[in-house]
Amino acid sequence: RVAGLCRVLRMVLVRSLVGPRTGTYRETRQRALRLSSITPADGMIRLSSTIRPDPRSRVAALTQRRQTVAAWLVHAYTASGVVLAFLMFVAVMEGDTVRALWLFLIAMVVDGTDGMLARYVQVKRHVPSFDGALLDNIVDYITYAFMPMLLLWSAGYLGEGHSATVLAVIPL
């Protein structure tokens, strides 16, 4: 009973010292923190224990985590171009040119949309430690330089022998 009475008295004292709930939560909290250093002569009541954390901060933290996860998913989407390039490589080595070209088309769609997604999710803001532009450049090189040369070389469009190999390596 005494603890409950102390809790009620503490709440009434804080409300009376802080005043009505006007302004933002941060302003009310700052007023309460300033007043928490004021204690009665007997030192029995501590005002700092009455301050509760802002529930909006938990929501903001959850939103921040979701945005960070979304940013990493955009990076994974960009990196999926390497997986498509590998599947193109397998198709070229199996002699399935049509499948390789379809995979190339899918890779172009991924490359055409990943930048838009990155700007929409604000990847640079949420994951500043990872350079998505460099990842995109690497994927683009593999998709637009290496794989077409491999396709032309394996289909025999560059000729035969060492001269074809040299012709395939020069643009790379």
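Given the structure is predicted, the values throughout are model-derived calculations rather than measurements. (Residues numbered from 1 in each chain as written. Predicted model: local features only at pLDDT ≥ 70, side-chain atom pairs only at ≥ 80, totals over all residues. Heavy atoms only, no water.)

Q: Describe the packing of helix 4 (residues 97-121) against helix 6 (residues 132-155), and please don't skip the residues or the numbers.
A: Their axes nearest at 11 Å, the elements helix 4 and helix 6 cross at an angle of 160°. In terms of their interaxial angle, helix 4 and helix 6 are classed as roughly antiparallel. Seen from above, helix 4 lies across helix 6 with left-handed handedness. For the pair formed by helix 4 and helix 6, the contact residues are Thr 97, Leu 101, Phe 104, Ala 107, Met 108, Asp 111 and Asp 114 on the first element and Asp 136, Asp 140, Thr 143, Tyr 144, Pro 148 and Leu 151 on the second. Looking at the contact of helix 4 with helix 6 residue by residue, the classes come out as seven nonpolar, two polar and four charged. (Axes fitted to C-alpha atoms, helices over the stretch in contact; angles between N-to-C directions. Helix = DSSP H or I, 4+ residues; strand = E, 2+ residues; numbered from the N terminus. Parallel < 35°, antiparallel > 145°, perpendicular 65-115°, else oblique. Left-handed = near helix turned anticlockwise from the far one by under 90°. Contact = heavy atoms within 4.5 Å. Nonpolar A, V, L, I, M, F, W, Y, C, P; charged D, E, K, R; others polar.)

Q: A description of the nonpolar core should follow, citing residues and the corresponding values.
A: Counting residues in each nonpolar core, the largest one holds 12 residues, listed as Leu 84, Ala 85, Met 88, Ala 91, Val 92, Ala 100, Leu 103, Ala 107, Val 110, Met 147, Leu 150 and Leu 151. Contributing elements (two or more residues each) for this core: helix 3 (55-93), helix 4 and helix 6. The element best represented in this core is helix 3, accounting for five residues. Apart from residues lying up to four places away in sequence, Leu 84 is in contact with Leu 103, Ile 106, Ala 107 and Val 110. If you look at the next biggest cluster of nonpolar residues, it comprises five residues, including Ala 71, Val 74, Val 121 and Val 123. (Core = buried A, V, L, I, M, F, W, Y, C linked by side-chain atoms within 4.5 Å. Buried < 20%, exposed > 50% of the residue type's maximum accessible area, 1.4 Å probe, protein only.)

Q: Summarise a nonpolar patch on the surface; cite the residues concerned and give the values.
A: Nonpolar side chains collect at one region of the surface, where Val 83, Phe 86, Leu 87, Phe 89, Met 93, Tyr 141, Phe 146 and Trp 153 lie side by side and expose about 760 Å² of accessible area between them. With five residues, the top contributor of residues to the nonpolar patch is helix 3. Residue placement: Tyr 141 occurs in helix 6. (Patch = residues over 30% accessible without salt bridge, like charges linked within 9 Å, V, L, I, M, F, W, Y side chains within 5 Å. Areas by Shrake-Rupley, 256 points an atom, 1.4 Å probe, with all protein chains shown as cover. Salt bridge = Lys/Arg side-chain N within 4 Å of Asp/Glu carboxyl O.)

Q: I'd like to hear about the confidence of the model for the protein, residue by residue, with values.
A: Mean pLDDT for the protein: 77, with 63% of residues reaching 70 or above. The spread of mean pLDDT over the elements of the protein runs between helix 2 (residues 25-36), the lowest at 59, and helix 4, the highest at 93. Note on residues 45-50: pLDDT is under 50 here. Beyond four places in sequence and across chains, it has 16 contacts. (pLDDT = per-residue confidence, 0-100.)

Q: Can you lay out the pattern of salt bridges for me, pointing to particular residues and giving the numbers?
A: The full count for this structure, using the stated rule, is two salt bridges. In this structure, the salt-bridge partner of Arg 99 is Glu 94, at a minimum N-O distance of 2.4 Å. On the accessibility criterion, Arg 99 (34% relative accessible area) is partly exposed. With relative accessibility at 58%, the residue Glu 94 sits in the exposed group. Here the salt bridges do not stand alone but share partners, grouping Glu 94, Asp 96 and Arg 99 into one network.

Q: Explain the environment of Met 149 residue by residue, including any values.
A: Within the element layout of this structure, Met 149 appears in helix 6. Take Met 149: its relative accessible area is 17%, and that puts it in the buried class. Once the C-alpha coordinates of Met 149 and Thr 165 are considered, the two residues, 16 residues apart in sequence, prove to be 9.9 Å apart.

Q: So what about the side chain of Asp 136? Which residues, and what values?
A: Here Asp 136 shows up in helix 6. Buried and unpaired, Asp 136 has no salt bridge, with Arg 119 as the nearest side chain of opposite charge at 8.3 Å. For Asp 136, the residues in contact, after removing those within four places along its chain, are Thr 78, Asp 111 and Asp 114. (Lys, Arg positive; Asp, Glu negative; His and termini not counted.)

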